[in-house]
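Analysis of the macromolecular model
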Amino acid sequence: MKNIAVIGAGTMGNGIAHTFAQKGFKVQLIDISQQSLDKGLTTITKNLDRMIAKEKISEADKEATLANISTYTNIKEGVEYAGLVVEAATENVDLKLKIFKELSEACPEDTILASNTSSISITQIAAVTNRPDMVIGMHFMNPVPIMKLVEIIRGYNTSDEVTSTIMELSKTLGKIPVEVNDYPGFVANRILMPMINESIETLYNGVAGVSEIDTVMKLGMAHPMGPLQLADFIGLDVCLSILNVMYDGFKNPKYAPCPLLVNMVMAGKLGVKSGEGFYDYSENRKAENVSKQFI
């Protein structure tokens, strides 16, 4: 398996493409617009330059990585020779189902179809394809080139052979794969998102301020970043989407998103990506300045 197609050139997609290409795989990066692809390649280049500055790779390594990536705006052309497709589009169930239906028709019969979804059912995605036994979840962590964990999610029909293949492939990337079963939120977000949501509730109820909540969790629980800072980093819209998937899936009120989170997303305060969330990122991308509305 040397040809890997990646659907989506955004934060996760370009990180996945970078990771495969750096390990010598030929990567077909696919997105609906050339502008998105160019932006993704620019991000990959900058991240490789940072690795050179830290003396983790050489200039030759950078050039070889970039040479392994080709771009496409047409799915059928991009997946023609793919042994594996990793979908990393927006966390929207209708969009993912549409993509997988198209992949099912366009890919060779032996192509494994994987989704980087962080919460959407692999079983549901697989059901729209002609190969449900060959559909699996590969939930990479952000930033993909650095984070070691990959959640490998088995759908109801995912075969043992496909699961074993993807587990071993993940190891060749230098990752640590963990196999989990297909339930809303899987493991990572089933535990993480209620914590983030409860942190937002704590702020919403006036128990403490933004920096105070984050400081308690960083110093008291040894978290590398506070939950509100992490929510900004993930994207508040993504957090809301995942919570809604879990709430719909379990029908349990403990997964209901905090009204403050809902309002912030409606107002366009999405975190780092929009320049403001719980923190203000207008001056820098570090969570140093609390947003004015929370001061």
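This section reports on the structure supplied with the text. This structure is a prediction, so every number in the text was calculated from the model and none was measured. Here, residues in each chain are numbered from 1, in the same order as that chain's written sequence. Only residues with pLDDT of at least 70 are given local features in this predicted model, and only at 80 or more are side-chain atom pairs given and counted; all residues enter the totals for whole chains, interfaces and linings. Hydrogens are left out, water is left out, and the side-chain values use all remaining heavy atoms of the structure.

**Brief notes about the sheet that holds strand β2 (residues 26-30)**
Ordered by their spatial adjacency, 8 strands build an open sheet running β3-β2-β1-β4-β5-β6-β7-β8, and the pairing between neighbours is mixed. Each of the sheet's edge strands pairs with one partner strand only, and the pair in question is β3 (69-72) and β8 (176-181). The mean angle between the axes of side-by-side strands here comes to 25°, regardless of whether they run parallel or antiparallel. Where strand β7 (residues 149-154) and β8 come together, 6 bridges link them in parallel fashion. From the neighbouring strand, E151 faces β8, where its bridge partner is V178. Note on contacts: a residue pair qualifies if any of its non-hydrogen atoms lie within 4.5 Å across the two residues. For helices, the axis comes from a line fit to the C-alpha atoms of the stretch in contact; other axes are also lines fit to C-alpha atoms, and the angle between any two N-to-C directions lies between 0 and 180 degrees. Elements are defined by DSSP. Helices are runs of H or I of four residues or more, strands are runs of E of two residues or more, and each kind is numbered from the N terminus. Sheet contacts for helix α1 (residues 11-22): β1 (3-7), β2, β3, β4 (84-87) and β6 (135-140); angle to β2, the most-contacted strand, approximately 165°. Relative to β3, helix α2 (residues 34-53) is tilted by about 160°, and along the sheet it contacts β2 and β3. Only strands that DSSP links by at least two bridges are regarded as paired with each other.

**Details of a nonpolar patch on the surface**
Where nonpolar side chains cluster on the molecular surface, the patch consists of L149, I176 and V178 and spans about 230 Å² of accessible area. Tracing the backbone through its elements, the reader meets L149 in strand β7. Here, patches come from residues exposed beyond 30% relative accessible area and free of salt bridges, joined within 9 Å for like charges and within 5 Å for nonpolar side chains (Val, Leu, Ile, Met, Phe, Trp, Tyr). Per-residue accessibility takes into account occlusion by the displayed protein chains alone, with areas from the Shrake-Rupley method and a 1.4 Å probe. We define a salt bridge as a contact between a side-chain nitrogen of Lys or Arg and a carboxyl oxygen of Asp or Glu at a distance within 4 Å.

**Remarks on the pattern of salt bridges**
Counted under the stated rule, the structure contains 9 salt bridges. The salt bridge involving K96 is made with E91; its shortest N-O contact spans 3.7 Å. Overall, E91 belongs to the buried group, its relative accessible area being 16%. Taken together, the shared-partner salt bridges connect D49, E59 and K62 into one network. Working definition: with a 1.4 Å probe on protein chains only, accessible area under 20% of the residue-type maximum means buried, over 50% means exposed, and in between means partly exposed.

**Notes on the packing of aromatic side chains**
Each Phe, Tyr or Trp ring (for Trp, its six-membered ring) is paired with any other whose centre lies within 6.5 Å, and the angle between the two planes then decides the class: stacked below 30 degrees, edge-to-face above 60, tilted in between. In total, this model carries 3 aromatic pairs according to the counting rule given. Of note, K2 hangs over the ring of F25, and the distance from its end group to the ring centre comes to 4.9 Å. The rule for a charge over a ring is simple: NZ of Lys or CZ of Arg within 6 Å of the ring centre, and within 35 degrees of the ring normal.

**Examining the environment of Y156**
Residue position: Y156 is located in the loop between β7 and α7 (160-172). Residue class for Y156 comes out exposed when judged on its relative accessible area of 72%. Taking the C-alpha atoms as reference points, Y156 and T172, 16 residues apart in sequence, are found 26 Å from one another.

**A look at the packing of helix α8 (residues 188-204) against helix α12 (residues 259-266)**
Look at α8 against α12: their axes get within 8 Å of each other, and the N-to-C directions meet at 95°. The angle between the axes of α8 and α12 places the two elements in the roughly perpendicular class. The residues of α12 that touch α8, namely those facing N197, I200, E201, L203 and Y204, are P259, L260 and L261. Charged residues are taken to be Asp, Glu, Lys and Arg, nonpolar residues to be Ala, Val, Leu, Ile, Met, Phe, Trp, Tyr, Cys and Pro, and polar residues to be all remaining types, Gly included. For the contact of α8 with α12, a count of residues per class yields 6 nonpolar, 1 polar and 1 charged. Any angle that falls under 35 degrees is termed roughly parallel, while one over 145 is termed roughly antiparallel, one within 65 to 115 roughly perpendicular, and all others oblique.

**Some words on the state of the cysteines**
The definition used for a disulfide is geometric: two cysteine sulfur atoms within 2.5 Å. Scanning all chains against the criterion turns up 0 disulfides. The thiol of C239 is unpaired, and the distance to the nearest cysteine sulfur, on C258, comes to 12 Å. Judged by relative accessible area, C239 falls into the buried class, the value being 0%.

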